[in-house]
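Close look at the chain arrangement
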2 protein chains.
Amino acid sequence: MNPTSTPATLSYEQAGVNYDLIDPLKVTAQRAAAATAGHLAAHGFTEVAASRGESAYVVDVGPFYLASIVECLGSKALVADEMHALTGKSYYDGIAQDTIAMAINDLITVGATPLVVQAYWAAGGSEWFADAQRSQALVAGWKRACDVCRVAWGGGETPALAGIVEAGRIDLAASCTGLINPKTRLSVGDQLAPGDAIVLLASSGIHANGLSLARKLVERLPQGYLTEVAPGLTYGDALLAPTVLYSPVTEALYAAGITPHYCANITGHGWRKLLRHPAEHRYRIHSVPAVTPVLKFIQRHAGQDDREAYSTLNMGAGFAIFVAAADAQRTVDVARAQGIEALVAGQVEAGPKELLIEPLGIRFGTDDLQLR
Amino acid sequence: MNPTSTPATLSYEQAGVNYDLIDPLKVTAQRAAAATAGHLAAHGFTEVAASRGESAYVVDVGPFYLASIVECLGSKALVADEMHALTGKSYYDGIAQDTIAMAINDLITVGATPLVVQAYWAAGGSEWFADAQRSQALVAGWKRACDVCRVAWGGGETPALAGIVEAGRIDLAASCTGLINPKTRLSVGDQLAPGDAIVLLASSGIHANGLSLARKLVERLPQGYLTEVAPGLTYGDALLAPTVLYSPVTEALYAAGITPHYCANITGHGWRKLLRHPAEHRYRIHSVPAVTPVLKFIQRHAGQDDREAYSTLNMGAGFAIFVAAADAQRTVDVARAQGIEALVAGQVEAGPKELLIEPLGIRFGTDDLQLR
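Residues numbered from 1 in each chain as written. Chains lettered and ligands numbered in written order. Predicted model: local features only at pLDDT ≥ 70, side-chain atom pairs only at ≥ 80, totals over all residues. Heavy atoms only, no water.

Turning our eyes to something else, we now look at the interface of chain B and chain A. Each partner contributes to the interface: chain B provides 79 residues, whereas chain A provides 79 residues. Of the roughly 6,400 Å² buried between chain B and chain A on both sides combined, carbon and sulfur atoms contribute 69%. Three residues stand out in chain B for area buried against chain A, namely B:L25, B:V70 and B:I164, and they jointly supply 11% of the buried area on that side. Residue assignment for the side of chain B that touches chain A shows that the elements contributing at least two residues are α1 (19-34), β2 (57-60), β3 (65-72), β4 (113-123), α4 (132-149), β5 (152-157) and β6 (170-180) of chain B. Sorting elements by how many residues they give to the side of chain B that touches chain A places β4(B) first, with nine residues. (Contact = heavy atoms within 4.5 Å. Buried area = accessible area lost by both parts, 1.4 Å probe. Helix = DSSP H or I, 4+ residues; strand = E, 2+ residues; numbered from the N terminus.)

We now examine the domain arrangement of chain A. The accessible area lost on association of the parts is a frequent measure of interface size. All names here are of chain A. Taken as a whole, chain A is organised into domain 1 (46-185) and domain 2 (197-368). One C-alpha centre belongs to domain 1, the other to domain 2, and the line joining them spans 21 Å. Contact residues are listed per partner, giving 37 residues for domain 1 and 33 residues for domain 2. With both sides pooled, the region where domain 1 packs onto domain 2 buries about 2,800 Å², and carbon together with sulfur makes up 62% of that total. Here domain 1 is connected to domain 2 by two salt bridges. Along the contact surface separating domain 1 from domain 2 lie 15 residue pairs in polar contact (both at pLDDT 80 or more). For the side of domain 1 that touches domain 2, the elements supplying multiple residues, two or more each, are α2 (76-87), α3 (92-107), β4 (113-123) and α5 (132-149). Looking at the side of domain 1 that touches domain 2 element by element, the count peaks at 10 residues for α3. Across the side of domain 1 that touches domain 2, the residue classes break down as 19 nonpolar, 11 polar and seven charged. (Domains from an automatic or database assignment. Salt bridge = Lys/Arg side-chain N within 4 Å of Asp/Glu carboxyl O. Polar contact = N/O pair within 3.5 Å; in protein donor to acceptor, adjacent residues only side chain to side chain. Nonpolar A, V, L, I, M, F, W, Y, C, P; charged D, E, K, R; others polar.)

Residues and elements named next belong to chain A. If you trace the seven strands from one edge of the open sheet to the other, you get β10-β12-β7-β13-β11-β14-β15, paired in mixed fashion. Two strands bound the open sheet, and with one partner strand each, they are β10 (262-265) and β15 (362-365). Neighbour-to-neighbour, the strand axes of this sheet turn through a mean angle of 20°, independent of strand direction. Here strand β14 (residues 354-357) runs beside β15; their pairing, made up of four bridges, is antiparallel. Bridging across to β15, E354 finds its partner in G365. Along the sheet, helix α11 (residues 328-337) makes contact with β7 (197-202), β12 (317-323) and β13 (342-350), crossing β13 at roughly 150°. (Pairing = 2+ DSSP bridges. Axes fitted to C-alpha atoms, helices over the stretch in contact; angles between N-to-C directions.)

Our focus in this paragraph is the packing of α3(A) against α5(A). Residue and element names in this part refer to chain A. As a packed pair, α3 and α5 sit with axes 7 Å apart at the nearest point and diverge in direction by 40°. Relative to α5, the element α3 lies oblique. With respect to the hand of their crossing, α3 and α5 are arranged in right-handed fashion. On α5, the residues that touch Y92, D93, A96, Q97, T99, I100 and I104 of α3 are R134, A137, L138, G141, W142, R144, A145, C146 and C149. (Parallel < 35°, antiparallel > 145°, perpendicular 65-115°, else oblique. Left-handed = near helix turned anticlockwise from the far one by under 90°.)

Time to look at the pairing of strand β14 (residues 354-357) of chain B. Side-chain alternation along β14(B) places B:E354 and B:L356 on one buried face and B:L355 and B:I357 on a second face that is also buried. In this structure, the hairpin formed by β14(B) and strand β15 (residues 362-365) of chain B is closed by a connection of four residues, where B:G361 is found at a positive phi of approximately 65°. (Buried < 20%, exposed > 50% of the residue type's maximum accessible area, 1.4 Å probe, protein only.)

The next thing to look at is the side chain of A:N265. Residue and element names in this part refer to chain A. Secondary-structure assignment places N265 in strand β10. Of the polar contacts made by the side chain of N265, one reaches the side chain of D106; its length is 2.8 Å. Ignoring any residue separated from it by four or fewer positions in sequence, one finds N265 in contact with M102, N105, D106, T109, K273, G318 and F319.

All right, on to the relation of the copies chain B and chain A then. You can overlay chain B on chain A at an RMSD of 0.0 Å; the transform is a turn of 180° with a shift of 0.0 Å along its axis. The operation mapping one copy onto its partner corresponds to a two-fold rotation axis. Among all residues of chain B, the one whose C-alpha sits closest to the rotation axis is B:V165, at a distance of 2.2 Å. Here 100% of the contact residues of chain B are again contact residues in chain A; the copies associate through an equivalent surface. (Least-squares fit on C-alpha atoms with pLDDT ≥ 70 in both.)

A word on the pattern of salt bridges. Taken as a whole and assessed by the stated rule, the structure comprises 32 salt bridges over all chains. Here A:K216 ties to A:E219 by a salt bridge, and the two come within 3.9 Å at their closest N and O atoms. In this structure A:K216 comes out as partly exposed when scored by relative accessible area, which is 31%. You can call A:E219 exposed: its relative accessible area is 63%. Where B:D147 meets B:K143, a salt bridge forms, and the shortest distance between an N and an O atom there is 2.9 Å. On the criterion of helical spacing, the pair formed by B:D147 and B:K143 is a turn pair, its members being four residues apart in helix α4. Each of the salt bridges in this network shares a partner with another, and the network as a whole consists of A:R282, A:R284, A:E349, A:E354, A:E358 and A:R363.

With that settled, consider the side chain of B:S135. Within the secondary structure, B:S135 is located in helix α4. A distance of 3.0 Å separates a polar side-chain atom of B:S135 from the backbone oxygen of B:F129. Residues in contact with B:S135, not counting those within four places in the same chain, are A:L25, B:W128 and B:F129.

So, about the sheet that holds strand β1 (residues 46-47) of chain A. Strand-to-strand pairing in sheets goes through backbone hydrogen bonds, with the strands running parallel or antiparallel. Residues and elements named next belong to chain A. Pairing is mixed in the open sheet, where six strands are placed in the order β1-β2-β3-β6-β4-β5. Taken across any chain shown, the strands that pair with only one partner, and hence form the sheet edges, are β1 and β5 (152-157). With four bridges joining them, strand β2 (residues 57-60) and strand β3 (residues 65-72) adopt antiparallel strand pairing. The residue bridging D60 from the neighbouring strand is Y65, located in β3. Helix-sheet contacts for α3 involve β3, β4 and β6 (170-180), and the interaxial angle to β6 is about 40°.

This is how it looks when you write it as structure tokens:
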């Protein structure tokens, strides 16, 4: 992908996730899933077909739309475990927020108000839960994230899965259900059009994507996770900054009378997620946000050029909101009022489909992204 | 718990799941979760408080109730892996059905029609998905279970979690969202009353609970999973009979004008699940269903007396429906029309709270069950 990479460059695939092996299954599963949509008619409902391939699945249930999702934390808990061994601190309150953010930030892309979160905490054995400090931190962080997003924590599962989950580890996920109400809040992209502005909301760091790469990188650092990325801030602590919860912004936008035309949660595949919608639009970025120290640090130590970095990591932008140009500055103001930095970063133009990050001279085309 | 057990008896705790370690976390989590219910008011909704502690969480969203859940398969996939190694067959189509059944059979207890299922397939590495036979079986079984339950498969997650999930293994779960529509279908137990009949629906075998015990038992069998439990039926094949999907029955009951007063999905804790509802009722069982060969086999080889067996395994009854006595026989007829054997097994009486399994001389009291 990157002809200027030196042999020292660490790509995402080198870090242990091989999408070529997963993708055939995904395609088969997506086809089979799509073929089940007709069952909704038996109950008097229909799917919103445009939500297939989007971050959350949407069903028209009459008075409003129903959105649902399940999302995995990924491998970030392994960093928390390493840092706990090094510092004695428990990071599971932040890990809980990360897990909920993975679900909530996806659910809101379609215009949904998150209502109920369910917890999926699958441990490698009953012993995991016996560490009271860690367990209480997980519960407290989960509760606090629900409070921030004003969702009800409905319940969940806490299985002990010895033989499936590794001893001493935990597999964390969250499911989330919400409503798109009123139905005019639906933002699956049919209103996305040339002239729209692209507003980027700041990330807090790596969030919960790119951790396989970040963990692999530790092998290259003489002080490992305790290497400083900024004065007084270790690599491990910086990685563990909890993912920003963006639903307070999307709810405040609704309260302010602003309806996004589309949203993209910038997770795996980095900024290529801006190309998510299938329409033939060009996305021209004229301003990029400040890059958090830990992401700069990863880019430098992984030997990635900008193109590789922006195609893998969020590079300071955790969430993208596409709004009418007239709403762009107000969208920034609404986000800031919620304590989240934002900027008007670019605009949508007539196609061909591509992303131009002008300040960095980067272009991504459709061949750079097979997400759907 | 069982004073007549010999030292050879294998209990669930001996099989490796220690609820004493998990339960303090569960209590803390349940309290924290309950404290989040007030957030729904910000969106104009309220929780159905009686659903706290039930198998699915219910929110009143106005025109209908919204129910949601996430459920884990547990360790049954380990049996599939062992049997694959012994026979070369893939059992993942059945495993897919088991996983969906765990979610659907819980969701329907509150009166919900399942609408959307999300898949959570977390593998120990990308390589898991590269086995095309296994992957295709998982997809095909998942699709077929959705077809049987007439739910839309919305999407899901297929993470590769090396370092968290063991190499070569997969952690399977499903989330499910449904509606209780009309609202009179809500069955969280407020209508449960003395005089109601208890109808038990047949299980297909062990379903997906008690597998830790069943796996532990293999060490005692000279031919392991290939030991016959009945002529031509190996222990492994019998264990892997897919869990019955009960939503066709609950949907057919609604179509027949029968509204259950309460339902119990008989999973972990076996028949003690009949004591799930907090009200002070006595549940008197006068007839027990036939016990499937694999459950008889487990009971015998684990050295369990009836009390231990019925407190751990489903013993032939996978799902309990509590209906008005006048509806009891029709409920059986409706289930049979869906191809699922059923019987009127007993009735609800004025308390104290206890379960009497008269044909076996077994009594379970409240001290035998802390589920909520």
